[in-house]
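# Observations on the model geometry
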Amino acid sequence: MSNAGYAATVDFYQYDTSVPLDARVLKHDDAPTYTREKIAFTGGRGDRVPGYLMLPKAGARPFPVVLILDGWMGNKERWWEDDTWPQGGRLTKALAAEGIAALVLDTQFHGERDARVGYLPVEEYVCG
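Residues numbered from 1 in each chain as written. Predicted model: local features only at pLDDT ≥ 70, side-chain atom pairs only at ≥ 80, totals over all residues. Heavy atoms only, no water.

Moving on, we get to the confidence of the model for the chain. Chain-level statistics for the chain give a pLDDT mean of 86 and a share of 87% at 70 or above. Model confidence for the chain, summarised as mean pLDDT per element, is weakest for helix 3 (residues 122–127) at 55 and strongest for strand 5 (residues 101–105) at 97. (pLDDT = per-residue confidence, 0-100. Helix = DSSP H or I, 4+ residues; strand = E, 2+ residues; numbered from the N terminus.)

Next comes the structure, spelled out in structure tokens:
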């Protein structure tokens, strides 16, 4: 990568480090092999980021953690259902069984973070 390309990439990921995290637990759910907390925190650009933190009931602490950011047109909810396209529920259950935590977030303009685009599906917003 050229120096200019690197500089442009680094610039894209800049954020305001002075923004307070203001993390909150909004809801607590208990499942047979894990606990799940719905959380929200302030992202580096000042917007609220909703997600779920899944902690296994078995395994050694501190738990390793997998970050799941859903791709195109998805949201954090489908990672708790077995019959969705990525069969996300199967993955999160398997992680919990192995003693691995998961942080599952809605990416920008997806799920609960799509309010800024009038709750339009991302493909309508982008492809218009």
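Turning to the sheet that holds strand 4 (residues 65–69), a few remarks are in order. Read from one edge to the other, the open sheet built from five strands follows the order 1-2-3-5-4, with strand pairing classed as mixed. A single partner strand is all that each edge strand has here, and the edge strands are strand 1 (24–30) and strand 4. Taken over all neighbouring pairs, the strand axes of this sheet differ in orientation by 20 degrees on average, direction set aside. Together, strand 2 (34–42), strand 3 (48–56), strand 4 and strand 5 form the strand contacts of helix 2 (residues 88–97), whose direction differs from that of strand 3 by roughly 50 degrees. (Pairing = 2+ DSSP bridges. Axes fitted to C-alpha atoms, helices over the stretch in contact; angles between N-to-C directions. Contact = heavy atoms within 4.5 Å.)

A pair can form between side chains of opposite charge whenever their charged atoms are brought close. A complete count under the given rule lists eight salt bridges for this structure. When the shortest N-O distance is used, the salt bridge between D22 and R24 registers 3.2 Å. Judged by relative accessible area, D22 falls into the partly exposed class, the value being 36%. Relative accessible area serves as the criterion here: at 47%, R24 is assigned to the partly exposed category. One network of salt bridges, with partners in common, ties together D22, R24 and R48. (Salt bridge = Lys/Arg side-chain N within 4 Å of Asp/Glu carboxyl O. Buried < 20%, exposed > 50% of the residue type's maximum accessible area, 1.4 Å probe, protein only.)

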